[in-house]
Amino acid sequence: MDLRSHEGAPHQADILIVDDTVENLWLLSSILTSQGYHVRKAINGAMGLRAIETALPDLVLLDIMMPDLDGYDVCRRLKADPATAEIPVIFLSALNEALDKVKAFEVGGIDYITKPFQTAEVVARTRNQLMLRSVTQALNRLNFQLEAQVKERTHQLELANEQLLDLAYHDMLTQLPNRVLFMECLAQLLEAAEADPGYTFAVLFLDCDRFKLVNDAFGHSVGDDLLIAVAQRLTACLSEDDTLARLGGDEFAILLPQVVNIQDATDLAQQILDALSHRFLIPHGEVFLSASIGIVLSSAIHHHNPEHLLRDADTAMYAAKSHGKGCYKVFNPIMHQASLEQLQVETDLHRAVEQAEFVLHYQPIVALQTGKITGVEALIRWEHPDRGLLMPDTFIMVAEETGLIVPMGQQVLKSACDQLRRWQQQSTVEADFFMSVNLSVRQFAQPRLVESIVDVLQVTGLQPHHLRLEITESAILNNAIAAKALRQLQDKQIHLSIDDFGTGYSSLSYLHLFPISSLKIDRSFTQRLSPQHGQAGLIPAILGMAQALKMKVVAEGIETLEQLTHLRELACYFGQGYFFSKPLPAEDLTALLATDPRW
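Counting of residues starts from 1 at the beginning of each chain's written sequence and follows it residue by residue. Reporting in this predicted model follows two pLDDT cut-offs: at least 70 for local features of residues, and 80 or more for side-chain atom pairs to be given and counted; totals over whole chains, interfaces and linings ignore these cut-offs and use all residues. Only heavy atoms go into the side-chain values, all of them from the structure, while hydrogens and water stay out.

Caption draft 1: Spotlight on the overall build of the chain. When you go through the chain residue by residue, the secondary structure sums to 22 helices and 22 strands. For the radius of gyration, the atoms used are the C-alpha atoms, and the globule rule reads 2.2 Å times the number of residues raised to 0.38. In terms of overall size, the chain is more extended than a compact globule, its C-alpha atoms giving a radius of gyration of 48 Å where 599 residues would be expected to give roughly 25 Å. Along the three orthogonal principal directions, the C-alpha set of the chain runs to about 150 × 60 × 50 Å. When a residue's accessible area, from a 1.4 Å probe over protein chains only, is under 20% of the maximum for its type it is buried; when over 50% it is exposed; and in between it is partly exposed. Looking at the chain as a whole, 46% of its 599 residues qualify as buried. Note on contacts: a residue pair qualifies if any of its non-hydrogen atoms lie within 4.5 Å across the two residues. Put simply, 66% of the contacts in the chain that link residues at least 6 apart link residues at least 24 apart. Of the roughly 30600 Å² of accessible surface on the chain, a fraction of 54% belongs to carbon and sulfur atoms. Helix numbers and strand numbers start at the N terminus; a helix is a DSSP run of H or I with at least 4 residues, a strand a run of E with at least 2. Only the protein chains shown count as cover for residues, and the accessible areas themselves come from Shrake-Rupley with a 1.4 Å probe.

Shown next, in the form of structure tokens:
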């Protein structure tokens, strides 16, 4: 606040002189007029009050001793009226008694000038009080402006706080409540349920299936627009009492505060699935979405923590995804136990990779025309320190999801190549005997795939043409670098085989694009062979196609002599299955090979 402009007394100040002595009036008036002030005069107290009422002066020079209405009374009236209370009053008096001066200040006077008047004193005291009044008025104006600014800043701060609160509790994209607000609402309902055992509510956890494909295909902008449209459809399915929140990504949660039984929640879930099944229009055309929904009822399991309730709904949602997507599942405590077990498997897997707890069993691959073992497939087993020998179906999926399949696969490849090299050195197998090893989708996507395989062959001393790598159709078709990697492996004389052929993609054009040496017919086709009724299914077609492409075929799952006979009649080259042998540890298979069995 700059007050420098108010240092001097204002020359246009309006001064009122009230004195019953005319000589005093004219003397004071001439002194003050000469200083540039505007001066008014009144000869008694009543006239002075009327003058003040007509126009408020900047300063009043007020005589104390006047008839009828003395200066003290005039000053009291001025100070009692809010409109005139701030006008400064300088008393004029010939009295020098201390008691009168004290009384002058008590009634509201700010200064006094004694008679006879001295020009310098009148000018100085008048100027000082006018300057003080000017500065006081400036301060009041500045304070008023400051108060106005403070009010405005306070209002802006309140608005900013409201915006921050909105940001803290709402999703910016869909304007729906976010996870924070949803969890607060959920906590309130949990408290209500604890207070009233008969009160029941439900939580739905929804995740859009394969939504990542939309972002990958059309970009995140289109994906965002699609999420807004999904939010609108979900909102249309709900009542005003329900709470819909976007938790993040393509995940939504719904809070149903009034649920009589689980049927209410499942009916809504089905309604939502139906609503999302209709097409969504996007700039590039149209897309169709499905969703997986998990449902948990507050009365089904006792929770005191909202996070646990949402966790169970999330668990049920993943159960719906595992069930085939596009459906809903109601939470069951068994699901949570399964999640804990899967987490324990993941923890144990990390230890198993570090401590090399995996072992290999080998299943013979037989040349069907000669009935002789010509190769084996290496199959992983887990020697768990507490649970014993575990089959792949108990841990492979977890290994794929966590990425542990990559170091596991490297260990399997090295152990298998080591074992075949030992058999060769011991003359247990013939020169054309091969080792078949599976490569997972995750392994095949590794950028150093070829280099890591070559490293294993060099370390173990196994010749590349004795190794056969089995890969699935999805591994090569979902991998942009598949063609280059496969050709590099072929250049190294490593044989490549398609595993579980016939269960994947309907398009067979990739067989012309990639250097595939053999196909493995899935066991489901072998099981449908019925020689008595002449039913061979697709096997003759597969064999004919493989012959045209100069590929060998391995039929999996041979369990009966009839299946073996029929496959021989169809000229299938290789076969494996329990009819010949189950997967065996290396020692047992070594003993089997020593007998040189023929089928």
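Caption draft 2: Broad picture of the packing of helix H13 (residues 405-425) against helix H15 (residues 449-460). Where H13 meets H15, the axes come as close as 9 Å, and the angle between the chain directions of the two elements is 35 degrees. Considering the relative orientation of H13 and H15, their crossing is right-handed. For the pair formed by H13 and H15, the contact residues are Gln410, Leu413, Lys414, Cys417, Asp418 and Arg421 on the first element and Ser452, Ile453, Val456, Leu457, Val459 and Thr460 on the second. Residues are grouped as follows: nonpolar covers Ala, Val, Leu, Ile, Met, Phe, Trp, Tyr, Cys and Pro; charged covers Asp, Glu, Lys and Arg; every other residue, Gly included, is treated as polar. Across the contact of H13 with H15, the residue classes tally to six nonpolar, three polar and three charged. Geometry is summarised by axes, namely lines fitted to C-alpha atoms with helices restricted to the contacting stretch, and by angles between N-to-C directions that run from 0 to 180 degrees. Handedness of a crossing is defined here by the sense of rotation of the near helix relative to the far one, left-handed for an anticlockwise turn of less than a right angle and right-handed for a clockwise turn.

Caption draft 3: Fine view of the nonpolar core. In terms of nonpolar packing, the biggest core is built from 77 residues, with Leu349, Met408, Trp423, Phe444, Ile453 and Leu469 touching the most fellow members. Discounting chain neighbours no more than four positions away, the residues touching Trp423 are Tyr362, Val376, Thr428, Val429, Phe433, Met435, Ala586, Leu589, Thr590 and Leu593. Residues grouped as a nonpolar core are buried Ala, Val, Leu, Ile, Met, Phe, Trp, Tyr and Cys residues, joined through side-chain atoms within 4.5 Å. Membership of the second largest hydrophobic core comes to 35 residues, among which are Phe211, Leu238, Val287 and Ile295.

Caption draft 4: Summary view of the pattern of salt bridges. Just to be clear on terms, a salt bridge is a Lys or Arg side-chain nitrogen sitting within 4 Å of an Asp or Glu carboxyl oxygen. Under the criterion given, the structure shown has 22 salt bridges. In this structure, the salt-bridge partner of Arg448 is Asp455, at a minimum N-O distance of 3.7 Å. Asp455 gets classed as partly exposed once you look at its relative accessible area, which sits at 36%. For the salt bridge of Glu470 with Lys520, the shortest nitrogen-to-oxygen distance reads 3.1 Å. Of this pair, Glu470 sits in strand E17 (residues 467-471) while Lys520 sits in strand E19 (residues 518-521), placing them 50 residues apart in sequence. A single salt-bridge network, built from bridges that share partners, covers Glu377, Glu470, Lys520 and Glu556.

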